[in-house]
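Each chain is listed here by its residues.
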Amino acid sequence: MSPQTAPKPMIDRSHHVGGSWHWQGFTQMAQYKKIVISEANGCWLTTDSGKRLFDGVASLWCNVHGHRHPKIDAAIRDQLDRVAHITTLGMSADVTEILASRIVEITPGDLSHVFFSSDGSSSVEAALKMALQYWHQRKDPRPKKTDYLALSLAYHGDTTGSVSLGGIKFFHQLFAPIVFTPVRGPLPCSYRLPDGVTPDAACDHYADEVESLLKQHHETLAAVVMEPLVQGAAGMITHPKGFLSRIRKLCDKYEVLLICDEVATGFGRTGRLFACNHESVTPDIMCLGKGLTGGYLPMAATVARPHVFDAFLAKTSESKQFFHGHTFGGNPLAAAAAIASIDLFTESNLVESIDAKASLLRSSLDPIQGHPHVGDIRGRSMMVGIELVQNRETKTAFDSADLFGQKVCQRATELGVWIRPLGDVVILMPPLIATDDDLKMVGKVVCQAIQEVVPSL
Ligand SMILES: *Cc1c(COP(=O)(O)O)cnc(C)c1O
């Protein structure tokens, strides 16, 4: 081929639409109107028919620096010229080594050893097994510690182990016959408080509830598993300030590991690099996913502190190595993307800029603040949930069959902003690099969609 010849397109994209061979997750295929994206740039997606859509949920909460960021693109291309994949069972790639050390540098406290997998659910699976095996074989073994405490409405992924922790009826109830049952903690919700509990007393109220469960069950509990600060998939349930640090202290007191699932909250979403930073908490095990590669490639990580890691060190013949490993864990292409993404964080003031952007997004929602069907606008920083309710005073929900959340998001998509609800909670999770103008536009469209779909009576 002469250098002047235009390269032949690698994939013939001329006749891809029509059928429904692709069975999509959490999507009712009988009613699904195909949206097919052919390219993207920054915060904007372009469909195959040329319509431009703002990526209002950051391609399911994971995009950080926008699509086709030149630095991340270049890092992946450069890695492609070296090697696309090798195993990390018994060997490793140079980029994966570098990434592990970068993750250790940026994660809180003495988190020090990084176990790689390919998605958030798997990072939680690894954490669960790690915690159990830790208690089984540490110096002073506690083999009875095989249970877990999870919060109400917990969401930690869709594989069977992570579903076991889950507490969302529609996602999890059906699978009860094939999963284990955790000790169920409270829902540390700041919007709907238990009778007689004031906002100031909420943190202690919920933490005391966890303490009484720990008192009762600590001898059999391997770990408390929680999303710090905000329970994303539960509908951006926002914990009272101080709850996370109270749980850290309780886990120390009752000798139970703390697993923080930062798959959604990690990498800047809450206005700090990690949600745990807000309350100076170092979990024993931290799960990372979504934003780890800037939202580019499937990669997740389970990060452990030295006391956890050390319990797995022994002679090979003693069979104490971690009995877990994923084929694509530590994949070099994903590692290259992740390093580039972390570089973009550490070389700029992106994290410092997030809160200001988030308050701009919040104030762009002012027109619906007093709307009779907007019950609550909540979340932390660039994780925003708008809960639609039938009655604002009593906080009574709409009948879920009315699908108001879905209808609002459909209208917003028609208006050029792609968003996806969780029930009647409208979720806004723009890429962190969204500009002030982008965010004002998103706010305006969402207000219009809500006012049209749920008119005040
Ligand atoms: C998305 C999510 C997961 C699951 O991650 P996948 O990559 O979809 O498997 C786990 N935990 C939390 C908190 C999440 O938001």
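Residues numbered from 1 in each chain as written. Predicted model: local features only at pLDDT ≥ 70, side-chain atom pairs only at ≥ 80, totals over all residues. Heavy atoms only, no water.

## Remarks on helix α13 (residues 436–453)
The following threshold applies: Secondary structure elements are taken from DSSP: a helix is a run of H or I of four residues or more, a strand is a run of E of two residues or more, and numbering for both begins at the N terminus. One less than the residue count of a helix, multiplied by 1.5 Å, gives the span that helix is expected to have. Throughout, exposure labels follow a simple rule: accessible area from a 1.4 Å probe, protein chains only, divided by the maximum for the residue type, with under 20% read as buried, over 50% as exposed, and the rest as partly exposed.
Here α13 spans 26 Å end to end across 18 residues, near enough to the 26 Å set by a 1.5 Å rise per residue. If you check which residues of α13 are buried, you get Asp-438, Leu-439, Val-442, Gly-443, Val-445, Val-446, Cys-447, Ala-449, Ile-450 and Val-453.

## Topic: the side chain of Arg-102
Quick reminder of the rule: Every residue pair with non-hydrogen atoms within 4.5 Å of one another is taken to be in contact.
Residue placement: Arg-102 occurs in helix α3 (residues 94–106). Each residue touching Arg-102, except ones within four places of it in the same chain, is listed here: Ile-339, Ile-342, Asp-343 and Thr-346.

## Concerning the state of the cysteines
The line we're drawing: A pair of sulfur atoms, both from cysteines and within 2.5 Å, is called a disulfide here.
If you walk through the whole model with that rule in mind, you get 0 disulfides. No disulfide involves Cys-409; its nearest neighbouring cysteine sulfur is the one of Cys-447, lying 13 Å away.

## As for the packing of aromatic side chains
Selection criterion: Only Phe, Tyr and Trp rings take part, Trp by its six-membered ring, and two of them pair if their centres are within 6.5 Å. Stacked means planes under 30 degrees apart, edge-to-face means over 60, and tilted covers everything else. By definition here, charges over rings are those cases where NZ of Lys or CZ of Arg is within 6 Å of the ring centre and within 35 degrees of the ring normal.
Evaluation of the coordinates by the stated rule reveals 10 aromatic pairs. For the ring pair Phe-115 and Phe-322, a centre distance of 5.1 Å and an interplane angle of 70° mean the geometry is edge-to-face. With Phe-115 in strand β4 (residues 113–117) and Phe-322 in the loop between α9 (306–310) and α10 (332–346), this pair connects stretches of sequence that are 207 residues apart. Judged by its relative accessible area of 18%, Phe-115 falls in the buried class. The class of Phe-322 is buried, set by a relative accessible area of 16%. Ring geometry for Tyr-148 and Phe-180: centres 5.7 Å apart, planes at 40°, overall tilted. With a gap of 32 residues between them, Tyr-148 in strand β5 (residues 147–150) and Phe-180 in the loop between α6 (169–172) and β6 (183–184) connect regions that are remote in the sequence. Residue classification places Tyr-148 among the buried positions, given a relative accessible area of 5%. A relative accessible area of 33% means that Phe-180 is categorised as partly exposed. Clustering of aromatic rings is evident, with ring pairs tying together Phe-26, Tyr-155 and Phe-171. Lying over the aromatic face of Trp-44, Arg-52 brings its terminal NZ or CZ to 4.6 Å of the ring centre. The ring of Phe-404 has Lys-407 sitting right over it, with the charged end atom 5.6 Å from the ring centre.

## Notes on the packing of helix α7 (residues 199–217) against helix α8 (residues 243–253)
This is how it is decided: Fitted lines through C-alpha atoms give the axes, limited to the stretch in contact for helices. The angle between two N-to-C directions lies from 0 to 180 degrees. Here roughly perpendicular refers to angles of 65 to 115 degrees, roughly parallel to angles under 35, roughly antiparallel to angles over 145, and oblique to all remaining angles. Definitions for this section: a left-handed crossing has its near helix turned counterclockwise from the far helix by less than a right angle. A right-handed crossing has that turn clockwise. For this classification, Asp, Glu, Lys and Arg are treated as charged, while Ala, Val, Leu, Ile, Met, Phe, Trp, Tyr, Cys and Pro are nonpolar and the rest, including Gly, are polar.
Close contact between α7 and α8 brings their axes to 10 Å; oriented N to C, the two are set at 20°. As far as their axial angle goes, α8 and α7 are roughly parallel. Considering how the two elements wind past one another, α7 and α8 form a crossing that is right-handed. In this structure, α7 uses Cys-203, Asp-204, Tyr-206, Ala-207, Asp-208, Val-210, Glu-211 and Leu-214 to contact α8, whose residues at the interface are Phe-243, Arg-246, Ile-247, Leu-250 and Lys-253. For the contact of α7 with α8, the residue count by class is 8 nonpolar, no polar and 5 charged.

## Some points on the UniProt feature "binding site: substrate" (unreviewed entry) in the chain
Rules: UniProt positions are given in the numbering used here, feature names are shortened, and annotations may be inferred rather than shown by experiment. Here a polar contact is taken to be a pair of N or O atoms separated by no more than 3.5 Å, where protein atoms must pair a possible hydrogen donor with a possible acceptor and residues adjacent in sequence count only if both atoms sit in side chains.
Per the UniProt entry, the sites bearing "binding site: substrate" (unreviewed entry) are Tyr-155, Lys-290, Gly-325 and Arg-420 in this numbering. Considering the C-alpha atoms alone, the annotated residues occupy 266 residues of sequence and remain spread out, their largest mutual distance being 32.6 Å. With respect to the secondary-structure elements, Tyr-155 resides in the loop between β5 and α5 (160–165). Once residues lying within four places of it in the same chain are set aside, the contact partners of Tyr-155 are Ile-168, Phe-171, His-172, Glu-227, Ala-233 and Asp-261. Reaching out from Tyr-155, the side chain makes a polar contact with the side chain of Asp-158 at a distance of 3.0 Å. Within the secondary structure layout, Lys-290 lies in the loop between β11 (285–288) and β12 (300–304). Taking the relative accessible area as the measure of exposure, Lys-290 reaches 27% and is therefore partly exposed. Among all residues touching Lys-290, those that are not within four sequence positions of it are Leu-60, Trp-61, Cys-62, Val-263, Ala-264 and Gly-295.

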